[in-house]
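Letter by letter, the chains look like this.
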Amino acid sequence: MAYSSWFSRLRSSSRTIYANFRNPRFKTNHTNPINTTDVVTSTKPILSWSSSLLPLALAVSAGSLAIHVQTNPSLCDSFDVDARGVSVGGKGSTEFVVKGSHKDIPRELLDELKAICQDNMTMDYEERYIHGKPQNSFHKAVNIPDVVVFPRSEEEVSKIVKSCDMHKVPIVPYGGATSIEGHTLSPHGGVCIDMTLMKSVKALHVEDMDVVVEPGIGWLELNEYLEPYGLFFPLDPGPGATIGGMCATRCSGSLAVRYGTMRDNVINLKVVLANGDVVKTGSRARKSAAGYDLTRLVIGSEGTLGVITEVTLRLQKIPQYSVVAMCNFPTIKDAADVAIATMLSGIQVSRVELLDEVQVKAINIANGKNLPEAPTLMFEFIGTEAYSREQALIVQRIASEHNSSDFVFTEDPQAKKELWKIRKEALWACFAMEPSFEAMISDVCVPLSHLAELISKSKQQLDASSLICPVVAHAGDGNFHTIILFDPINDEHRREAERLNHFMVRTALKMEGTCTGEHGVGTGKMKYLEEELGIEALQTMKRIKTVLDPNNIMNPGKLIPPHVCF
C-alpha cells in the first residue's frame, strides 16, 4: 500500500491538524507565523512566512460547562480507585482511560476569556475533542476541554492563567500534539491553552549562537529559518513538535548522543506561573552560578508548574561535511555491541540509530524499499571531509569484528536526507503493517553498558508475543523504543501490550535505568515513578508543585502520581 496513505496520519496531527478543520466561521488576523522582531549581528534579510493556522472564533453553546476543583491539594490529590483499590494512574494501575470529576464552569470566567482572547477561542465540540485526544497516543480521558483559547502574547497568557486560578479552573497547555503519554489530556475539563499562534522568532544573536523564540514555533520551521545563517537547533524529536512542548517534556532525539537533550540546549525561559506572574529563569550567559536553576526545574515539568512563553536556545553551526553509514547484523545483540564499542572508541558520532528486522520490514512495506530485513545500525559522522571518512572506516572495522555485513556509506546529500527521513518516520511506517491498530510505545533508557543485555532480554519476550513489535533505538545513549501494535478494542491485545511494556520498564529499572528517556511521564508513566525515584523524591516534587500551584490548576493529574501525599 502507498506510503503516502500512512504519512497522511502524520499530516492529520500536530500543527497540520488545523488544515483539516478550517471553517469559514473562523477569522484570522495572523499573517506572519514567524514574526522576527530582532536579529543581531546579521545583515541578511529575515524570511517571511505565510500563515498556516487560522485562529478560531467563539462558538457559544447552550448549557453550563464543567470543570474540576481540587480539594486539599497540599496533602494529597483526590483520585479514583479501581475495583482492587488501586489508584488510577498511581502505582499498580492498569487503567487506560484517565478519570476525572467536574463542576460547572462560571459564566464570569467565559466572559473574562472572551475579553482577553476576543475571537481566538472556541467552545466548538469538534475542536475541543481534537485538543482533548492526543493524536499520536492511545491514552484517553473521560472528558475533553470545555474551552480552547489561542493566546497571541505573553500578556494574554498571564491574564488567562490568572483568571483560571481565581476561579480554580484547570489549565492544560497545548503545543504540537505530538506527545504520546497523555500529556495534553483534559480529564477534568477546564481550559486548553493552545500556544500555536505564539511562534515568533524574537531575536537571533548570530555571533552568540543563540536564538529567542516563542513556544509555538516548531523545530523544523526554526531550522528552516536558521539555515541561511549557517546555524541549526540540534534536537530532532517527532515531526510537528514545538519548542514549548519539547521543553515541557525534556525531549531529545537522534542527535542527543552528540548535542545532549533539551536540558542541555535551553539557556533560559520565561514562564507564567499559576497566579499569573511572569518569571524569567536566567540570563543569556552560557553559564551562571546565580541562584537556584529554575530553568532546569521547568524543563520536563510538563505544564504542571507554569506555561512557557519564551525560550532562549543554544544553537550549533551546520556541520561542514557528513557521512551516513549503514550495516546489518545477524542478531540485535551484535548491533547493540557495536554501538557500545563505537562510543567507547572515542569517536564523536552525531547519530547511532538501531532498527530491528521488524522495523526494517515495516519501512520496506511503507516505502516500497528493499532493505535487508535484519538488525541494522545507522551512523552519521560529521566534521571535515577527511575526518568524516576516517571515522566511517574506523567504525567499519569495529563492525566487522561483530559479524556485520553490507557496510555501506553515502556522502550524497539527497541520499542522506532520504535515509534520515525514513528513520524519522519509522512510527508511521509501522502502521503500514497494521493500519487499524494503535501503538503503545516504550521509552526505556539504561546506562550504555546494559543496552545490549536489555535489548536481548526484551527481544526474547517480543519475538514470543503474538503482537507485532518493531524496535528502534537511539543506541548511542542507551535509549530504545518498542512500538507495540495492538487492536484498541481487543482486551487481550491491550493486556499483552501492557505486559510487554511492564517487562521492559521493570527490567530497565533493575539495571539502574529509567522508564522514560525522552517521551516524558504524562499519565502513562506515573505508575513507575515511585519504583524509579523513591517516595521521598516524589514528595519533594509534590511540595514544589503545591507551593507554585496551590489551587492545582496547572495540568492536574500529570507527572506526579495521585497517591503521593505529604
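Definitions and limits used
Residues numbered from 1 in each chain as written. Predicted model: local features only at pLDDT ≥ 70, side-chain atom pairs only at ≥ 80, totals over all residues. Heavy atoms only, no water. Helix = DSSP H or I, 4+ residues; strand = E, 2+ residues; numbered from the N terminus. Salt bridge = Lys/Arg side-chain N within 4 Å of Asp/Glu carboxyl O. Buried < 20%, exposed > 50% of the residue type's maximum accessible area, 1.4 Å probe, protein only. pLDDT = per-residue confidence, 0-100. Contact = heavy atoms within 4.5 Å. Core = buried A, V, L, I, M, F, W, Y, C linked by side-chain atoms within 4.5 Å. Pairing = 2+ DSSP bridges. Axes fitted to C-alpha atoms, helices over the stretch in contact; angles between N-to-C directions. Phe/Tyr/Trp six-rings, centres within 6.5 Å; stacked < 30°, edge-to-face > 60°. Lys NZ or Arg CZ within 6 Å of the ring centre and 35° of its normal. Parallel < 35°, antiparallel > 145°, perpendicular 65-115°, else oblique. Expected span 1.5 Å × (residues − 1).

Visitor: Even after reading the chapter, I still don't get unusual backbone geometry, so can you show me in this structure?
Guide: Excluding glycine, a negative phi dihedral is what most residues carry, and trans is how most peptide bonds are arranged. Residues other than glycine seldom take positive phi values, yet M209 does so here, at roughly 55 degrees. Residue position: M209 is located in the loop between β10 (201–205) and β11 (210–213). Positive phi is not limited to glycine here, since N552 has a value of about 50 degrees.

Visitor: Please explain the pattern of salt bridges as it appears in this structure.
Guide: Any two side chains of opposite charge can pair if their charged atoms end up close together. Tallying each qualifying case throughout the model produces 26 salt bridges. A salt bridge links E181 to K525; its shortest N-O distance comes to 2.4 Å. Placement of E181 in the loop between β8 (171–174) and β9 (191–194) and of K525 in the loop between α16 (491–510) and α17 (529–533) is noted, with a sequence separation of 344 residues between them. Judged on exposure class, the residue E181 and its partner K525 are both buried. Between R351 and E380 there is a salt bridge; the shortest N-O distance is 2.9 Å. Placement of R351 in strand β18 (residues 351–355) and of E380 in strand β19 (residues 376–383) is noted, with a sequence separation of 29 residues between them.

Visitor: Any chance you could explain the confidence of the model for the chain here in plain terms?
Guide: Detailed conclusions should not be drawn from predicted coordinates in areas where pLDDT is low. Per-residue confidence for the chain gives a mean pLDDT of 86, with 83% of residues at or over 70. Here residues 1–74 is a poorly scored stretch, pLDDT under 50, and it has 197 contacts once near neighbours within four places are set aside; other chains count. pLDDT under 50 marks residues 78–87. Its contacts with residues more than four places away, or in other chains, come to 23 contacts.

Visitor: How should I be thinking about the nonpolar core in this particular structure?
Guide: One recurring pattern in soluble globular proteins: nonpolar side chains tend to sit buried together. Counting residues in hydrophobic clusters, the biggest one holds 56 residues, and the most contacted among them are L354, L377, F379, F381, F480 and I484. In this view, F379 contacts V323, V324, A325, C327, V338, T342, R351, V352, V395 and W420; residues no more than four positions away in its chain are not counted. In this structure, L204, I217, V298 and L315 belong to the second largest nonpolar core, which totals 30 residues.

Visitor: Would you mind showing me how to read the sheet that holds strand β7 (residues 147–149) here?
Guide: Whenever strands of a sheet pair, they do so through backbone hydrogen bonds, lying parallel or antiparallel. Pairing within the open sheet is mixed, and its 4 strands lie in the order β5-β7-β9-β8. Because the sheet does not close on itself, it has two edges, and the strands there are β5 (121–122) and β8. For β8 and β9, the ladder comprises 4 bridges, and the chain directions are parallel. Along β9, the bridge assignment pairs P173 with I193. Contacts from helix α3 (residues 125–132) reach β5, β7, β8 and β9, with the element oriented near 80 degrees to β7. Contacting β7, β8 and β9, helix α4 (residues 154–167) runs over the sheet at an angle of about 170 degrees to β9.

Visitor: Mind showing me how you'd approach the environment of M511 here?
Guide: With respect to the helices and strands, M511 occurs in the loop between α16 and α17. Between the C-alpha atoms of M511 and P447, which are 64 residues apart in sequence, the distance is 7.7 Å. If near-sequence neighbours (up to four positions away) are discounted, M511 is found in contact with V446, P447, H450, E453, L454 and K457.

Visitor: Just to check I follow, could you spell out the side chain of K525 for this structure?
Guide: On the basis of relative accessibility, which here comes to 1%, the residue K525 falls in the buried class. Dropping the residues within four chain positions of it, K525 is found in contact with E181, I441, C515, T516 and G520.

Visitor: Quick question: what am I supposed to make of the sheet that holds strand β22 (residues 471–474) here?
Guide: One open sheet accounts for 7 strands, arranged β20-β17-β19-β18-β22-β23-β21; its pairing is antiparallel. The outermost strands of the open sheet, each flanked by one partner alone, are β20 (405–410) and β21 (438–441). Direction aside, the axes of adjacent strands within the sheet are offset by 20 degrees on average. Bridge analysis of strand β17 (residues 321–328) against β19 gives 8 bridges, and the strand direction is antiparallel. Bridging across to β19, C327 finds its partner in L377. Sheet contacts for helix α12 (residues 385–400): β17, β19 and β20; angle to β19, the most-contacted strand, approximately 155 degrees.

Visitor: In this structure, what is going on with the packing of aromatic side chains? I would like to understand it.
Guide: Any two aromatic rings considered together are summarised by their centre-to-centre distance and by the angle between their planes. On inspection of all chains with the given rule, the structure shows 6 aromatic pairs. Considering the side-chain rings of F379 and F381, the 5.8 Å spacing of their centres and the 10 degrees angle between planes classify their relative orientation as stacked. Both residues of the pair, F379 and F381, count as buried. Over the ring of W420 we find R351, and its NZ or CZ is 4.4 Å from the ring centre.

Visitor: In this structure, what is going on with the packing of helix α2 (residues 107–117) against α4? I would like to understand it.
Guide: How two helices pack is summed up by the angle between their axes together with the distance between the axes. Taken N-terminus to C-terminus, the directions of α2 and α4 make an angle of 175 degrees; their axes are 10 Å apart at the nearest point. One finds that α2 runs roughly antiparallel with respect to α4. Contacts between α2 and α4 involve E108, L109, E112, L113, I116 and C117 from the former and E156, K159, I160, S163, C164, M166 and H167 from the latter.

Visitor: Quick question: what am I supposed to make of the environment of F407 here?
Guide: Within the element layout of this structure, F407 appears in strand β20. Residue F407 is classed as buried on the basis of its relative accessible area of 14%. Considered as a pair, F407 and L393 are 14 residues apart in the sequence and their alpha carbons are 9.9 Å apart.

Visitor: Mind showing me how you'd approach helix α15 (residues 451–464) here?
Guide: At 3.6 residues per turn, the α-helix brings residues three or four places apart onto the same side. Taking 1.5 Å per residue as the helical rise, α15 with its 14 residues ought to reach 20 Å, and the 20 Å between its terminal C-alpha atoms agrees with that figure. Taken together, the buried positions of α15 are L451, A452, L454, I455, S456, S458, K459 and L462. The inward-facing, buried residues of α15 contact α10 (332–344), β18, α11 (357–367), β22, β23 (479–486) and α16.

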